[in-house]
Each structure stands twice: as C-alpha cells, then as structure tokens.
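In case you want the letters, here they are:
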Amino acid sequence: MTDETIAELNQWFGSAGKDLEADIVAELKSIMRMHQLSVQDLFFKWESYGMKIGMDDFKVTIDTLRAFKQNLQDELERSSRSRVHIKTEKRAGATPRTGKSGDVFGMLDGLATPGPGRSRPAAKRTPAISRAMAEPTSSPLGVEDQLNAMGVLPPSSFSDRPNPGEVLEILNEQLEAAEPPISPFSESRIKLTAASDQKKLGYKGLAMKLSEASEILDDRIEDFIGLVMEHHKLEDSAFGSPASQGTSEIVAVGRIASDSLEGKLNAASLVLESSRRLGNGLRVPLNLGKLKGYQFFPGQIVALRGINSSGREFTVHEVLDIPLLPNAASSPDAFLAHLQRLRGGPDAMDSDDNPTSPLTILFASGPYTADDNLGFEPLHVLCSEAADTYVDALVLTGPFIDMEHPLIAYGDFDLPPEATYDPDTPTMATVFKYFISPALNRLVAANPTVTILLVPSVRDVLNKHVSWPQDAFPRAQLGLPKTARIIGNPMTLSMNEMVVGVSSQDVLFELRHEEILGGARTGLDALSRVSRYLIEQRHFFPLFPSADRKRLPKTGAVDGGSEGVPPGAMLDVSYLKLGEMVNVRPDVLVVPSALPPFAKVVESVLVINPGFLSKRKAAGTYAKMTLYPPSKEDIASGGMVAHKIFERARVEITRI
C-alpha cells in the first residue's frame, strides 16, 4: 500500500495530530487486505466495535486492534456457517437465529455500516480511567467480556454493577469540584425563563397536510438564502437555479437529499433540492470532484458556489459557510441580580472567607431501568445523590415509562405493594405515580429548593402527543412534587443567565450514521462534528428524512422473535419550525444519545451527551455540571457581557 494510504490511516485513526506507530499501521493494513476494506469502511467497523464493547475511548492500541481483528474474523466465520445452515435442513440443537442473515443474538448488528452498534459496557472489564486524566487501558477483552458487552449473557443485578461513581470524562478539569453545602439552601437559587413558546407545542398531531409540510421545507431554504446573502454580502443576482444550464458561476442554496428512497446517502446518489422560487423545487445531481473535502447529511441546508455547464449536474467549486447564531449575552445588571440569588438574597455578602457557591446541576436521560425489571434503581440512586449533595437542579429527559420496555410492552408487571388504586381503573399515570414519583418526592423532601425539569420523549407511553416536536405530558394524577416542571421537547430556557437547549430526541446517533464524508477530514472528531451540525443548522433535528428505524439501536420489546425496532423520530414536518433554536446559540446543548457520552465545547457551545442512565442490561451514566459565577472584572467591563459558560463550567461524565 502507498504512502497515500498511510496518510489516510493517520487521518482517520490518528489522534491529536500524532502519526500512528509502525506496528499499528502494519496491523491496520493487514486487516484491510484480509477483509478487502477501504480505510473509511475499516474506521466505521472499528467505531462500531468500540461502541459494542463499551470502549471509553476510541484510541487505537496494538492490543485492542488485535482483539478487533479477531472479532472480525469470528464474525466472518459465523456468517459463513449461517449461510451454509440456511441451505440445509435444520438440525436439532442448532444455534438459534433471528433471521436469514445468520445474525446470532444481534452480534453482527452495525458492523457493515458506521453502524447502529449498541453501546454496552462490559460488566467485568478493566476499570476505565478518566479521559481527562490518562489513556485507557489496552488490555484485550476476553470472550466472556465481549459476549456480555453484546448482551448475550444474562444481565447482572444493579447492585453488582462495576465501578459505580467512576468519573469517565472531565471537561475543564482545572476548575475545582465544588464541595456540597452542609444543608440545603433556604430558597431556590435558579430562576427559570422560557425562551421557547411551549403553548405552540400543543398542536394537533397526526393531521399533517402535504401542502403545509412542503411549504415548511421550502421556507427553510428561503430563510437560509437570506442569511447567506447577508453574511457573504452577495447580490440577489449572484443566486440561481442549480438545475439550469449556464456558463456563469452561481451560488445555489438548497437541501441535501438522495436520489433514492432506500439505502444510505453516498456521493453517487447526492442531489441538491432547490427552492420553488429560484429552482422550481427541482433536484440536480452534485459533482464534488473539485472539492478537497466535504461532509453532508440528508436535510442539510447548504450554500454551494459552482456551475451547471452540461445541464445534467451541478459542479461544486466551493461550499460557503453558513452563519452561526450570535452568542448569548446579558447586561451587567442581570448578572448582578443572578449573583445575589446565588448568595442567598440582596442582604447576603460575598467575601474571600465565604465565596459564592457554584451552581450544581445533574443531567440524566432515560431509560431509567434495565430490561428485566421495573425497579428503577438507577433513578433512585441518582435522586439519592442529588439529595445528599443538595444540587440546585436535576434535568431528566425521557423516556420515563418506555413503551419499548419488554415488561411495559406486554403488561407483564405488578404495581408496588404499597400502591393504592382502583383495580378497574389503573392507567399509565398510575404506573408513573408509583414507579417514578416516589424517587422525586424523596429528593424534594431532603432538598426542598431543588429545581426538577422533566422532558418527555416520543417513546413515553404516558404522553398522548407522540410526534416531534412534542408537547409536555399533563401532570395530573402523577403525584409529582410542586418543584417539578414538565417542559416541551425540544425546549430552550434560561437557568439564571445560562441559556439551555434540551431535546430528548437522539439526533446525534442518526446524524452520525447518515452523514457522508469525503476527501480531507476537518479538525473535528466525529462527536464534535455531528454536534456542530445542530449549531450550524440552527435546529434540534436538522436531519430530513429521519433515519430508517431498522438502522437504529434495537429495543427490548420482542417483535416476531427478534429484538424490537424503535419508533424512530416521529417527525411532524408541518411543525418542524418549532424545533429551531431561538435567537441565540444556547450556552449549553443537552442531547442524550446512544453514542458514547461526552462533554465538548463546539463553537462556544457546551454540548453534553449524558448517555442513558440505564442501558438494556447494564448501568449507564449521567452528567454533573458545576457552574462558577463570572468574575467581577467581566461584569464591570460595561455593555453586554457574553456568558462564556464553556469557560466557567466543570462537567463530569459519571457512572451511576
């Protein structure tokens, strides 16, 4: 293989600008020759393998690479055996199969594409080290560990989970971890202000009209034409239809799409959908041969400079930048008011001996219990942690009562013995009241001033509003404490000065597996890149159409003898405008995902994926934020003051 291949391997597998070691390059080349893979396909398989075994970091070492090579070989042999078995009669005692692919227990799921691998930490693996502290262990996983990570072995009890409380990743480690107060605060230190109009989320679902949906999609292109024109100072005459033949270079603004309804987007199927005004809504194939590198996904609004000289395709010369929303900022008076609230009121004094305590906020996402029980032990442990440390806020995203949980799907469960209800009239509100609310009520009893935010999910069986964007579910008969607030999905709100955007929709996973990359890679890693898509597109779910449900992580609800297919994004296209970010970039963007949990700064936005509090057969993770107040010098600088939350917040990704 040429030096060009080695350079490409360093691009995809290298880290922090360092080239790979010679033995690692040799091993990667060996795998490519053995399985006839390109560098990009090899990286996708490596990433899928890492998510399956619960790898805390995707750094390549010789030991993990050899384990990966052995895993590929085992899967190839298993696939070959299954094809032989399909052609022969079934034998007694044969290995159980879920379908014609020979996919035993879902062990091949996600290896063919940058794939829907299930991220399950192994129950008996070597304890991981904080990514901010040291490199992960390079000890190869044994067969039992790999099987357990793939969900083949029976789940162990929650009390036997490995390394509870272990911090996997720290952002801004130079900021000290705050000591919890000795007693709860006398009043809430957080003022909530909604930036989104939650009443609009109460629209009537399942009533979408094609004419309305097409207008929403077309209006979005028109909005971006205005943004690009203003940002790049272009004349209206500079824009044109990419589908019209011409000899002059134009700027075409449109939506990335595929010429096929099936399959994954690729360079050959890539088309640009124009607006009705400039291009009659026509789609034209794109020629990307003159670009050094590119990254696209279905539904992305792009501005392309190029020419259509043949009338058959639009040759792209340059991809123009899309302007970002401005950073959030507040007046000095607003900052001083928030500081007084943190100190406990206008009469409280701030001194070197008694400094202002930072805000502490916990972020967690459902599911909140494993597939084999409805004990909700992870939720109870999280609420106990919030009570013991007197946190200021707890932000929980759904699903709370997951429709894809096997016991919920089949109704095979009993309510707790202490539950009092009419046996003839129990509802899912009753289930929530006796499974979820007790943990929250105990938290409020120990910490009366805590702020609790609940964000629904399209998988919440409790919510009758099943489409996204999604209205809050009613709190009547849920038994929730008064300090708990149910908000929409998505929602943008301010917690003091901090602007928080939150959505329970797993858009990062879908973007990661629907995007197409080519040529030279950008300096961003995969997780930062998909996070930036949201910020650039100014939307909590810019992907359109959403990913095929069959390519999403499988659920525990059995469907026809195999693992269940999740409901997917459930988009109501007529109301997608309600999913847009409001006026400014959020300071904090909370987007739970099946991808590895992380906290990253992307375009001055602190993006947090807390992971799932409970995985199907293992305990999960949550995120803890410690937000320090701004310095007096920053506030006294005069004029509007940028929040710069990404500099003042320490975020820890922690095992429950």
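Our subject is the structure that appears above.
If you're wondering where the values come from, they're calculated on a predicted model, not measured in any experiment.

About the cut-offs
- Residues numbered from 1 in each chain as written.
- Predicted model: local features only at pLDDT ≥ 70, side-chain atom pairs only at ≥ 80, totals over all residues.
- Heavy atoms only, no water.
- Helix = DSSP H or I, 4+ residues; strand = E, 2+ residues; numbered from the N terminus.
- Buried < 20%, exposed > 50% of the residue type's maximum accessible area, 1.4 Å probe, protein only.
- Contact = heavy atoms within 4.5 Å.
- Areas by Shrake-Rupley, 256 points an atom, 1.4 Å probe, with all protein chains shown as cover.
- Pairing = 2+ DSSP bridges.
- Polar contact = N/O pair within 3.5 Å; in protein donor to acceptor, adjacent residues only side chain to side chain.
- Phe/Tyr/Trp six-rings, centres within 6.5 Å; stacked < 30°, edge-to-face > 60°.
- Lys NZ or Arg CZ within 6 Å of the ring centre and 35° of its normal.
- Axes fitted to C-alpha atoms, helices over the stretch in contact; angles between N-to-C directions.
- Parallel < 35°, antiparallel > 145°, perpendicular 65-115°, else oblique.
- Nonpolar A, V, L, I, M, F, W, Y, C, P; charged D, E, K, R; others polar.
- Expected span 1.5 Å × (residues − 1).
- Arc of directions from axis to C-beta.

## With respect to the overall build of the chain
Scanning the chain from terminus to terminus reveals 16 helices and 24 strands. Across the 656 residues that make up the chain, the buried fraction comes to 54%. Long-range contacts, defined here as pairs at least 24 residues apart, represent 74% of the contacts in the chain between residues at least 6 apart. Of the roughly 29200 Å² of accessible surface on the chain, a fraction of 51% belongs to carbon and sulfur atoms.

## Some thoughts on the pairing of strand β10 (residues 359-365)
Where a strand is regular, its side chains alternate between the two sheet faces. Of all 7 residues in β10, 7 are buried; the element is thus mostly enclosed. Of the two faces of β10, the one carrying L359, I361, F363 and S365 and the one carrying T360, L362 and A364 are both buried. With 5 bridges joining them, β10 and strand β22 (residues 621-627) adopt antiparallel strand pairing. Counted as the bridge partner of I361 is M625 from β22. Where β10 and strand β11 (residues 393-397) come together, 5 bridges link them in parallel fashion. Note on β11: the bridge partner recorded for S365 is T397.

## Structural notes on the environment of V591
Topologically, V591 is positioned in the loop between β19 (588-590) and β20 (598-602). A C-alpha to C-alpha distance of 7.8 Å links V591 and P610, two positions 19 residues apart in sequence. Contacts of V591, omitting those with residues within four sequence positions, involve S503, L508, L534, V607, I608 and N609.

## Regarding helix α13 (residues 507-514)
Counting buried residues in α13 gives 8 out of 8 residues, a clear majority hidden from the surface. Listed as buried for α13 are V507, L508, F509, E510, L511, R512, H513 and E514. Measuring from the side-chain oxygen of the N-cap residue of α13 to the backbone nitrogen of F509 gives 3.2 Å; that N-cap residue is D506.

## Details of the packing of aromatic side chains
Taken as a whole and assessed by the stated rule, the structure comprises 11 aromatic pairs. Centre to centre, the rings of W46 and F68 are 5.4 Å apart; their planes meet at 80°, and the pair counts as edge-to-face. Taken together, the residues W46 in helix α3 (residues 39-52) and F68 in helix α4 (residues 62-87) connect sequence positions 22 residues apart. The two residues W46 and F68 agree in class, both being buried. Here Y294 and F296 contribute two aromatic rings whose centre-to-centre distance is 5.8 Å and whose plane-to-plane angle is 15°, an arrangement assigned as stacked. With relative accessibility at 2%, the residue F296 sits in the buried group. By way of ring pairs, the aromatic residues Y368, F400, F432 and F473 are connected into one cluster. Directly above the ring of F158 sits R161, whose terminal nitrogen or CZ lies 4.0 Å from the centroid. A cation sits over an aromatic face here: R189 above F185, 4.1 Å from the ring centre.

## Examining the packing of helix α9 (residues 377-388) against helix α12 (residues 437-446)
Look at α9 against α12: their axes get within 9 Å of each other, and the N-to-C directions meet at 10°. In terms of orientation, α9 and α12 fall into the roughly parallel class. Together, L379, H380, C383, A386 and A387 of α9 and A439, L440, R442, L443 and A446 of α12 make up the contact between the two elements. A class-by-class count of the residues in the contact of α9 with α12 yields 8 nonpolar, 1 polar and 1 charged.

## Section: the packing of α13 against helix α14 (residues 526-537)
To describe two helices that pack against each other, one gives the angle between their axes and the distance between the axes. It is the contact of α13 with α14, at a shortest axis distance of 9 Å, that shows an interaxial angle of 110°. Judged by the angle between their axes, α13 and α14 are roughly perpendicular. For the pair α13 and α14, contact is made by V507, L508, L511 and R512 and by A526, R529, V530, S531, Y533 and L534, respectively. Of the residues that constitute the contact of α13 with α14, the class distribution is 7 nonpolar, 1 polar and 2 charged.

## Describing the pairing of strand β15 (residues 498-502)
Counting buried residues along β15, 5 of its 5 residues qualify, which places the element largely inside the surrounding structure. Burial along β15 is two-sided: M498, V500 and V502 and V499 and G501, pointing in opposite directions, are all buried. As paired elements, strand β14 (residues 491-495) and β15 share 5 bridges and run antiparallel to each other. By the bridge assignment, M491 is partnered in β15 with V502. Connecting β14 to the antiparallel partner β15 that follows it, the hairpin turn spans 2 residues, and N496 within it adopts a positive phi of roughly 60°. Inspection of the sheet shows β15 paired to β19 by 3 bridges, in the parallel sense. Paired with G501 across the strands is L589, a residue of β19.

## Examining the sheet that holds β10
Strand order in the open sheet formed by 7 strands is β1-β24-β22-β10-β11-β12-β13, and the pairing between neighbours is mixed. Strand pairing shows two members of the sheet lacking a second neighbour, β1 (167-171) and β13 (484-486), which therefore form its edges. On average, each strand axis in the sheet is inclined to that of its neighbour by 15°, with strand direction left out of account. Bridge analysis of β11 against strand β12 (residues 451-455) gives 5 bridges, and the strand direction is parallel. Note on β12: the bridge partner recorded for T397 is V455. Most of the contacts of α12 go to β12, to which it runs at about 160°, and overall it touches β11 and β12.

## Quick notes on the sheet that holds β15
Sheet architecture is open: 6 strands sit in the order β2-β14-β15-β19-β21-β20, paired in mixed fashion. The outermost strands of the open sheet, each flanked by one partner alone, are β2 (192-194) and β20. Averaged over all adjacent pairs, the angle separating strand axes in this sheet is 25°, with direction ignored. Looking at chain direction, β2 and β14 are connected through 3 bridges and run antiparallel.

## Structural notes on helix α6 (residues 210-231)
Given 3.6 residues per helical turn, the α-helix brings residues three or four places apart onto the same face. Here α6 is 22 residues long and its end C-alpha atoms lie 32 Å apart, about the 32 Å a rise of 1.5 Å per residue gives. Restricting attention to buried positions, one finds in α6 the residues A213, L217, D218, R220, I221, F224, I225 and V228. Around the axis of α6, the buried residues are gathered within 140° of arc, so they sit on the same side. Along its buried surface, α6 packs onto β3 (250-258), β4 (270-273), α7 (276-279), β7 (301-307), β8 (314-320) and α14. Note on α6: the residue one or two positions beyond its end, K233, has a positive phi of about 55°.

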